[in-house]
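# Inside the fold
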Amino acid sequence: MKIGDVVIVSFPYTDLVSFKARPAVVVNTIGDNYNDVIICLITSVVPPILNKFSLIVHPSVLNNLKTTSLIKVSRIVTVEQEKIKAVIGKLNENELKDFKSIFKSLVD
């Protein structure tokens, strides 16, 4: 898996008890003994007002999303690679650039 890949993953709710299969973007793979992957949530629920840690992504043959979606860059989770069901696509060059910029702004 690569940075910017769009995957289907068992994404945990904030209670860390329940999970739901949903799309996410790969931030990076850890490359350690645990084989973990850092991901950010993608949702099809696009609010009328976005926060600065969100990125709208339109469906394309490259990302294979079904509808206009929102990457919630601040919804970051580290999951076992085995939780990733499939790689379905990837962000295009401009989306990846914007995603990285928003991600970096989390720590500024």
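These numbers were taken from a predicted model, which means no experiment stands behind them. (Residues numbered from 1 in each chain as written. Predicted model: local features only at pLDDT ≥ 70, side-chain atom pairs only at ≥ 80, totals over all residues. Heavy atoms only, no water.)

### Points about the overall build of the protein chain
Keep this limit in mind: Under the DSSP-based scheme used, a helix requires at least four consecutive residues in state H or I and a strand at least two consecutive residues in state E, with every element numbered from the N terminus. The atom set for the radius of gyration is the C-alpha atoms, and the globule formula is 2.2 Å times the number of residues raised to the power 0.38. The buried label goes to any residue with under 20% of its type's maximum accessible area, the exposed label to any with over 50%, and the partly exposed label to all in between, with areas taken from a 1.4 Å probe on protein chains only. The contact definition used throughout considers only heavy atoms, calling two residues in contact when any of these lie within 4.5 Å. Note on areas: Shrake-Rupley with a 1.4 Å probe; residue coverage comes only from the protein chains shown.
Looking only at helices and strands, the protein chain features one helix and six strands. In the protein chain, the succession of helices and strands from N to C terminus is β-β-β-β-β-β-α. Its C-alpha atoms give the protein chain a radius of gyration of 13 Å, within 12% of the compact-globule value 13 Å for 108 residues. Seen through its C-alpha atoms, the protein chain measures out along the principal axes to roughly 40 × 30 × 25 Å. By the burial criterion, 37% of the 108 residues in the protein chain qualify as buried. Considering only contacts in the protein chain between residues 6 or more positions apart, those separated by 24 or more positions represent 59%. By element, 53% of the accessible surface of the protein chain is carried by carbon and sulfur atoms, the whole surface being about 6,700 Å².

### Points about a nonpolar patch on the surface
Operational definition: The patch calculation keeps residues exceeding 30% relative accessible area without a salt bridge and links them within 9 Å when they carry like charges or within 5 Å when they are nonpolar (Val, Leu, Ile, Met, Phe, Trp, Tyr). A pair is scored as a salt bridge if a Lys or Arg side-chain nitrogen falls within 4 Å of a carboxyl oxygen belonging to Asp or Glu.
Together, Val46, Leu50 and Ile56 make up a nonpolar patch on the protein surface, roughly 190 Å² of accessible area in all. Relative to the helices and strands, Ile56 resides in strand 4 (residues 54-57). Given a relative accessible area of 32%, Ile56 falls into the partly exposed group.

### Quick look at the layout of surface pockets
What counts, and what does not: The method works on a 1 Å grid over the protein atoms by themselves. A cavity is a set of points holding a 1.4 Å probe that cannot get out, a pocket is an open set with protein on both sides within 12 Å along at least five of seven lines, and residues with an atom within 4 Å of a point line them. Grid points are joined across faces, edges and corners, and a volume is the space filled by probe spheres set on the points. Just so you know the grouping, Ala, Val, Leu, Ile, Met, Phe, Trp, Tyr, Cys and Pro go in nonpolar, Asp, Glu, Lys and Arg go in charged, and all remaining residues, Gly too, go in polar.
Its boundaries defined by the atoms lining it, the largest pocket holds a volume of some 230 Å³. When contributions to the lining of the largest pocket are tallied by element, the ones reaching two or more residues are strand 2 (19-29) and strand 3 (36-43). With four residues, the single largest contributor to the lining of the largest pocket is strand 2. In terms of residue class, the lining of the largest pocket is built from seven nonpolar, five polar and three charged.

### Concerning the environment of Lys104
Looking at the element boundaries, Lys104 is found in helix 1 (residues 93-105). Here the alpha-carbon distance between Lys104 and Tyr13, two residues 91 residues apart in the chain, equals 24 Å.

### Considerations on helix 1
Note the threshold: Helix span is expected to be 1.5 Å times the residue number reduced by one. Between N or O atoms, a polar contact is any pair within 3.5 Å; within protein, one atom must be a potential hydrogen donor and the other a potential acceptor, and residues adjacent in sequence are included only when both atoms are from side chains.
In this model helix 1 runs 19 Å from its N-terminal to its C-terminal C-alpha over 13 residues, within 8% of the 18 Å that 1.5 Å per residue would give. Tucked inside the fold, the buried residues of helix 1 contact strand 2, strand 3, strand 4 and strand 5 (69-80). In this structure Asn92 caps helix 1, since a side-chain oxygen of it lies 3.0 Å from the backbone nitrogen of Asn94.

### A closer look at the environment of Thr67
Take Thr67: it is sitting in the loop between strand 4 and strand 5. Sequence separation between Thr67 and Val57 is 10 residues, and the spatial gap between their C-alpha atoms is 8.7 Å. Leaving out residues up to four positions away in the same chain, Thr67 has contacts with Ser44, Val57 and Pro59.

### Observations concerning the pairing of strand 2
For the record, the criterion: Two strands make a pair as long as DSSP finds a minimum of two bridges between them.
Bridge count between strand 2 and strand 3: five bridges; the pairing is antiparallel. Bridged to Ala24 within strand 3 is Leu41. Between the end of strand 2 and the start of strand 3, which pair antiparallel, lie six residues, with Gly31 showing a positive phi angle near 75 degrees.

### Concerning the nonpolar core
Note the threshold: Only buried residues count toward a nonpolar core. Its members are Ala, Val, Leu, Ile, Met, Phe, Trp, Tyr and Cys residues joined through side-chain atoms within 4.5 Å.
Membership of the largest hydrophobic core comes to 16 residues, with the highest contact counts inside it found for Ile71, Leu91 and Phe99. Residue assignment for this core shows that the elements contributing at least two residues are strand 2, strand 3, strand 4, strand 5 and helix 1. Ignoring any residue separated from it by four or fewer positions in sequence, one finds Phe99 in contact with Val25, Val26, Val27, Cys40, Leu55, Ile71, Val73 and Leu91. Among the nonpolar cores identified, the runner-up in size contains nine residues, and Val9, Val26, Val77 and Ile84 belong to it.

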